[in-house]
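# Commentary on secondary and tertiary structure
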Amino acid sequence: MEERIIQEFVHRVSTDESLHVELASDPDGVIMREGFSPRVARVVARLAPHLSVEQSIETSYRFWA
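Cut-off values and rules
Residues numbered from 1 in each chain as written. Predicted model: local features only at pLDDT ≥ 70, side-chain atom pairs only at ≥ 80, totals over all residues. Heavy atoms only, no water. Core = buried A, V, L, I, M, F, W, Y, C linked by side-chain atoms within 4.5 Å. Buried < 20%, exposed > 50% of the residue type's maximum accessible area, 1.4 Å probe, protein only. Helix = DSSP H or I, 4+ residues; strand = E, 2+ residues; numbered from the N terminus. Contact = heavy atoms within 4.5 Å.

All right, on to the nonpolar core then. Within the largest apolar cluster, 13 residues are counted, with the highest numbers of intra-cluster contacts made by Phe9, Val13, Leu23, Phe36 and Val44. Looking at this core, the elements that each hand over two or more residues are helix 1 (2-15), helix 2 (17-25), helix 3 (27-34) and helix 4 (38-51). Counting residues per element, this core draws most heavily on helix 4, at five residues. When sequence neighbours within four positions are dropped, the list of residues in contact with Val44 reads Phe9, Ile31 and Phe36.

As structure tokens, then:
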């Protein structure tokens, strides 16, 4: 169940520009508003810096091509 909550949140952040921007500027506020369990909140807090990166993953792997 917790894995699914995290997956859905990551998907929302990757598809919703306003959530992406909000997470980058106020990760604690987003986590509180979402009402995550303490365990999920810890995981999301650790993921937040990675989720708020402006560069897409596709772009960062171009050097392999």
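There's more to say after this.
Attention shifts here to the side chain of Ser52. Here Ser52 lies in the loop between helix 4 and helix 5 (57-60). Excluding residues within four positions of it along the chain, Ser52 makes contact with His20 and Ala24.

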